[in-house]
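# Observations on chain architecture
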Amino acid sequence: MLRILNVVGARPNFIKIAPLLKAMAAHPDRLEPILVNTGQHYDPAMVDYFFDDLEIPSPDVNLGVGSGSHAEQTARVMMAFEPVCLKYQPHLVLLVGDVNSTVACSLVAAKLGIRIAHVEAGLRSFDRTMPEEVNREVTDLLSDLLFTTCEDGNVNLRRAGIPGDRVFFVGNVMIDSLLTHLPMARQRPILKERRLKAGEYGLITLHRPSNVDDPAVLSRLLDAFEAIQKRLKLVFPAHPRTLKSLGRFNLGERLETMDNLLILPPQGYLDFMALTAGAKLTLTDSGGLQEETTILKVPCLTLRENTERPITITQGTNTLVGTQTGRIVEAAYGILDGKRPGGAVPPLWDGQASQRVVEVLLREFEVARELQKHLQISA
Ligand code: UD1
Ligand code: UDP
């Protein structure tokens, strides 16, 4: 058996692990997946809704680390994860994405000499002010099996000096989840319940510290939303970090004065996919949403100066619009006036990425079995 500790902690991790766990479960004779939830996110709307919607099995281990500064959170995950590794003695630690839980567990596993698989490796914004960029660089450097979503990821890893035989171009597990759950999402009554009509509203998400922890930037973004909602209804499921900032900077009242903007709590996966699929456009700083809108062919205006997912611009529906009010409003009005961004499906974003990951893991199983035989013979 190949015992794999699969680590999740934050909202996007749950979406990425769901199809991987399903694909692993098809090989109970060879793969023994164990699920560890670090507890980086903990509100039911950020965690439980996703376990339910995506039918993720209950975690075998909960670390309950919660929030904190980067050092506190990373250190707490490391301290809690080390005894789990010692107890379970896994052959492999499998990590997804680029959150603090990801990098923390990569450090623990590497120091214990446990092999690491990183799903969604190779993404780079080339902007180290973004906490995720540091997490990506460190995790990739320490990983033994690196699973990429796109060709630019392969190039980035080559440039980082990572040997090519560790890199596997498999496609995008976010899209596995999307394609599996889209029919169910389309059945949800959320649009009706919120009195929304497909194609007649825009969807906002915001949570990057560079956007929501700086009152000047957040105010500029609200100015843009204010102008856009004069022409298009806006729906804004707000991340807990953003809700806190709106309160801290006394900006919540400004949002409430916008008659055509509906602020909502964070939405579960199926409802959020229903909202995304029906949107005229999205205004976002989310990584995952740039990818999902590319597949759903919904124009995505990314409120950032850079992206680690450039393929969503070159092939998909994404446009980087930065955080200056005028540019954002101009881009949104452009779409309302009929401008359509491109709409190709990036290679291997076909719903089969998790299967490809598991094929590689099964080869790992064969290697482990051969090694075991060899050790028995030598003994
Ligand atoms: C984290 C990830 C980010 C990812 C995002 C997905 C890091 C460095 N950041 O950002 O890459 O895109 O998750 O959503 O790992 N909070 C709650 N309830 C929760 C979770 C968070 O109230 O369930 C609040 C707390 O005040 C917390 C803040 O949100 O301090 C930020 O949470 P944290 O996990 O540190 O970072 P995110 O901004 O969520
Ligand atoms: N999402 C959701 N409900 C929401 C906001 C987002 O289900 O209210 C989903 C959506 O699929 C998105 C994913 O969560 O792609 C990850 O979102 P987030 O922006 O939190 O993380 P990132 O992708 O930026 O790391």
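Coordinates for the structure precede this section.
Residues numbered from 1 in each chain as written. Chains lettered and ligands numbered in written order. Predicted model: local features only at pLDDT ≥ 70, side-chain atom pairs only at ≥ 80, totals over all residues. Heavy atoms only, no water.

Inspection of the region around ligand 2 gives 19 residues, with Arg208, Gln267, Gly287, Gly288 and Glu292 positioned closest. In this structure, Arg208 approaches ligand 2 through a side-chain N or O atom, which is 2.7 Å from an oxygen atom. Gly288 places a polar main-chain atom, nitrogen or oxygen, 2.7 Å from an oxygen atom of ligand 2. Protein coverage of the free-state accessible area of ligand 2, which is 530 Å², stands at 96%. Assessed atom by atom at 2 Å from the grid points, ligand 2 resides in the largest pocket. (Near = heavy atom within 4 Å. Polar contact = N/O pair within 3.5 Å; in protein donor to acceptor, adjacent residues only side chain to side chain. Areas by Shrake-Rupley, 256 points an atom, 1.4 Å probe, with all protein chains shown as cover. 1 Å grid on protein atoms, 1.4 Å probe; cavity = no way out; pocket = protein on both sides within 12 Å on 5 of 7 lines; lining within 4 Å. Sits in = over half its atoms within 2 Å of the grid points.)

Another aspect to go through is the site of ligand 1. Not every one of the 19 residues close to ligand 1 is listed here, only the nearest: His41, Asn100, Glu132, His207 and Arg241. His239 is positioned with one of its side-chain polar atoms (N or O) 3.1 Å from an oxygen atom of ligand 1. Arg241 has a polar side-chain atom sitting 2.6 Å from an oxygen atom of ligand 1. For ligand 1, the protein covers 90% of the area, taking 740 Å² as the surface of the free molecule. The site holding ligand 1 turns out to be the largest pocket. Elements that contribute at least two residues to the shell around ligand 1 include exactly α3 (70-88) and α11 (240-248). Its residues assigned to classes, the shell around ligand 1 comprises six nonpolar, eight polar and five charged. (Helix = DSSP H or I, 4+ residues; strand = E, 2+ residues; numbered from the N terminus. Nonpolar A, V, L, I, M, F, W, Y, C, P; charged D, E, K, R; others polar.)

On to the environment of His118. Among the structural elements, His118 can be located in strand β5 (residues 115-121). For His118, a relative accessible area of 1% gives the class buried. Placed 30 residues apart in sequence, His118 and Thr148 show a C-alpha to C-alpha distance of 8.6 Å. Among the polar contacts made by the side chain of His118, one reaches the main-chain carbonyl oxygen of Gly97 at a distance of 2.7 Å. (Buried < 20%, exposed > 50% of the residue type's maximum accessible area, 1.4 Å probe, protein only.)

Positionally, Asp259 belongs in the loop between α12 (252-256) and β10 (261-264). Taking relative accessible area as the criterion, Asp259 reaches 74% and is therefore assigned exposed. Sequence separation between Asp259 and His239 is 20 residues, and the spatial gap between their C-alpha atoms is 21 Å.

A positive phi angle, close to 55°, is found at Arg195, a residue other than glycine. Relative to the helices and strands, Arg195 is located in the loop between α8 (190-193) and β8 (201-205). With phi around 60°, Lys297 is a residue other than glycine that occupies positive phi space. The topology assignment puts Lys297 in the loop between α14 (287-296) and β12 (300-302).

Let's shift gears to the environment of Leu94. By the element assignment, Leu94 lies in strand β4 (residues 92-96). Given the relative accessible area of 0%, Leu94 is considered buried. Between the alpha carbons of Leu94 and Pro33 there is a distance of 9.5 Å; along the sequence they are 61 residues apart. When sequence neighbours within four positions are dropped, the list of residues in contact with Leu94 reads Ile4, Leu5, Asn6, Val7, Ile17, Leu20, Met24, Ala117, Val119 and Leu361. (Contact = heavy atoms within 4.5 Å.)

Empty space among the atoms can be located by rolling a probe the size of a water molecule over them. Applying the stated rule across the entire model yields two cavities of 30 Å³ or more. Listing elements by their share of the lining of the largest cavity, those giving two or more residues are β5 and α7 (173-186). As a volume, the second largest cavity reaches approximately 30 Å³. Contributing to the lining of the second largest cavity are Arg11, Thr205, Leu206, His207, Pro237, Ala238, His239 and Pro266. Along the lines of polarity and charge, the residues of the lining of the second largest cavity split into four nonpolar, three polar and one charged. (Points joined across faces, edges and corners; volume = space filled by probe spheres on them.)

Approximately 1,100 Å³ is the volume found for the largest pocket. In terms of lining residues, the largest pocket is bounded by 48 residues, among which His41, Met46, His207, His239 and Arg241 are the most central. Elements with a minimum of two residues in the lining of the largest pocket: α1 (11-25), α3, α5 (131-142), α11, α13 (269-277) and α14. It is α11 that contributes the most residues to the lining of the largest pocket, five residues altogether. Looking at the lining of the largest pocket residue by residue, the classes come out as 17 nonpolar, 17 polar and 14 charged. In this model, the second largest pocket occupies a volume close to 430 Å³. Around the second largest pocket, the lining is made up of 19 residues, and of these Pro90, His91, Arg115, Ala368 and Leu371 lie nearest the centre.

Further remarks concern the pattern of salt bridges. Any two side chains of opposite charge can pair, on the condition that their charged atoms come close. Within this structure, the stated rule accounts for 23 salt bridges. Glu366 serves as the salt-bridge partner of Arg30, at 3.9 Å between the closest nitrogen and oxygen. Of this pair, Arg30 sits in the loop between α1 and β2 (31-37) while Glu366 sits in helix α17 (residues 353-378), and the two are 336 residues apart along the sequence. Look at Glu366 and you get partly exposed, because its relative accessible area is 29%. (Salt bridge = Lys/Arg side-chain N within 4 Å of Asp/Glu carboxyl O.)

All right, on to the packing of α3 against helix α4 (residues 100-111) then. Packed helices, taken two at a time, are described by the angle between their axes plus the distance between the axes. Remark: α3 packs on α4, axes separated minimally by 8 Å, with the N-to-C direction vectors making an angle of 45°. Our classification of the angle between α3 and α4 gives oblique. Judged by the twist between their axes, the crossing of α3 over α4 is right-handed. Within the contact between the two elements, α3 uses His70, Gln73, Thr74, Val77, Met78, Phe81, Glu82 and Cys85 and α4 uses Asn100, Ser101, Val103, Ala104, Cys105, Leu107 and Val108. Residue composition of the contact of α3 with α4, by class: nine nonpolar, five polar and one charged. (Axes fitted to C-alpha atoms, helices over the stretch in contact; angles between N-to-C directions. Parallel < 35°, antiparallel > 145°, perpendicular 65-115°, else oblique. Left-handed = near helix turned anticlockwise from the far one by under 90°.)

Functional significance is not addressed by these values, which are geometric in nature.
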